[in-house]
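Structure assessment
Residues per chain are reported as follows:
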Amino acid sequence: MTGTSSVPSRDLGRQQREWRYARHMQPPNFRVLLHNDTVNRSDYVVRVLVKVVDGLTEDTASGIMQEAHTTGVALVTSCFQELAELYCQRLRGCGLRSSLEPVRPNFSGAGASS
């Protein structure tokens, strides 16, 4: 076969749309973590969290800041890798310590054997 594809181009477009739809149906796959530091004031951390993370309220941000302060680390949000990387980069750009952690799938549900 010279110059022909085994899959018609219209099917490629449909497959790409199905892949995008399936991807949006998947659960978040990365966690954004905030680490405690001794440099930034708590009110600054709360303001940065609210500014950087979409949909985060001041009350929720305050709870995240307090958890990071008392335990050393706190979960900011879980989301897809690209968005998690963006949040982490922006938090770091504002002087906060943050990191990413992949979400591990839970295989202990129905059908799991021991």
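Per-chain numbering applies: the sequence of each chain, read as written, is numbered from 1 onward. Side-chain atom pairs in this predicted model are given and counted only at pLDDT of 80 or more, local residue features only at pLDDT of at least 70, and totals for whole chains, interfaces and linings cover all residues. Values shown for side chains rest on all heavy atoms present in the structure; no hydrogens or waters enter the calculation.

**Things to note about the overall build of the chain**
- By definition, any uninterrupted DSSP run of H or I lasting at least four residues is a helix, any uninterrupted run of E lasting at least two residues is a strand, and each is numbered from the N terminus. Of regular secondary structure, the chain possesses four helices and three strands.
- When the helices and strands of the chain are listed from N to C terminus, the series reads α-β-α-α-β-α-β.
- A simple rule labels every residue: compare its accessible area, found with a 1.4 Å probe on the protein chains alone, to the largest value its type can have, and call it buried under 20%, exposed over 50%, or partly exposed in between. Expressed as a percentage of the 114 residues in the chain, the buried residues total 24%.
- Working rule for contacts: check all heavy atoms of both residues, and any pair within 4.5 Å makes them a contact. Within the chain, counting contacts between residues at least 6 apart in sequence, those at least 24 apart form 71% of the total.
- Computed with the Shrake-Rupley method and a 1.4 Å probe, the accessible areas treat only the protein chains shown as cover for residues. Looking at the chain as shown, the accessible area adds up to about 8,300 Å², and 52% of this sits on carbon and sulfur atoms.

**Side note on the sheet that holds strand E2 (residues 73-79)**
- Taken together, the three strands give an open sheet; going across it, the order is E2-E1-E3, and neighbouring strands pair in antiparallel fashion. The sheet terminates laterally at E2 and strand E3 (97-102), the two strands that pair on one side only. With direction set aside, neighbouring strand axes in the sheet form an average angle of 25°.
- Along the sheet, helix H3 (residues 58-71) contacts strand E1 (30-35) and E2; its crossing angle with E2, the most-contacted strand, is approximately 135°. At least two DSSP bridges between two strands are needed for those strands to be called paired. Lines are fitted to the C-alpha atoms to define the axes, a helix being fitted only along its stretch in contact, and any angle between axes, read from their N-to-C directions, falls within 0 to 180 degrees.

**Examining the confidence of the model for the chain**
- Within the chain, residue pLDDT values average 82, and 68% of them lie at 70 or more.
- The quantity known as pLDDT measures the predictor's confidence residue by residue, on a range of 0 to 100. Contacts for the low-pLDDT stretch residues 4-9, under 50 throughout, to residues beyond four places or in other chains number two contacts.

**A look at the layout of surface pockets**
- Cavities and pockets were defined on a 1 Å grid built over protein atoms only: a cavity is a set of grid points that admits a 1.4 Å probe from which the probe cannot escape, a pocket is an open set flanked by protein on both sides within 12 Å along at least five of seven lines, and lining residues are those with an atom within 4 Å of any such point. Grid points are joined across faces, edges and corners, and a volume is the space filled by probe spheres set on the points. Taken as a whole, the largest pocket holds about 180 Å³ of empty space.
- As for the largest pocket, its lining consists of 13 residues, and the residues nearest its centre are Asn-36, Asp-37, Asn-40, Met-65 and His-69.
- For the lining of the largest pocket, the secondary-structure elements that each account for two or more residues are E1, helix H2 (42-52) and H3.
- Residue contributions to the lining of the largest pocket peak at four residues, all from H3.
- Only Asp, Glu, Lys and Arg are considered charged, only Ala, Val, Leu, Ile, Met, Phe, Trp, Tyr, Cys and Pro nonpolar, and every remaining residue, Gly among them, polar. Along the lines of polarity and charge, the residues of the lining of the largest pocket split into five nonpolar, six polar and two charged.

**Digging into H2**
- All of the buried residues along H2 are Val-45, Val-46, Val-48, Leu-49 and Val-52. All buried residues of H2 lie within an arc of 165° about the axis, which places them on one face of the element. Along H2, the residues that are exposed and aim more than 90 degrees away from the buried face are Arg-47 and Lys-51.
- Elements in contact with the buried residues of H2: E1, H3, E2 and helix H4 (81-93). The directions considered for the arc run from the helix axis to the C-beta atoms.

**Things to note about the nonpolar core**
- Buried residues of nine kinds, namely Ala, Val, Leu, Ile, Met, Phe, Trp, Tyr and Cys, make up a nonpolar core once their side-chain atoms join them within 4.5 Å. In terms of nonpolar packing, the biggest core is built from 21 residues, with Val-32, Leu-34, Leu-49, Ile-64, Val-76 and Leu-91 touching the most fellow members.
- Only E1, H2, H3, E2 and H4 provide two or more residues apiece to this core.
- Element by element, the count of residues in this core is highest for H2, at five residues.
- When sequence neighbours within four positions are dropped, the list of residues in contact with Leu-49 reads Leu-34, Leu-56, Ala-61, Ile-64, Met-65, Val-76 and Leu-91.

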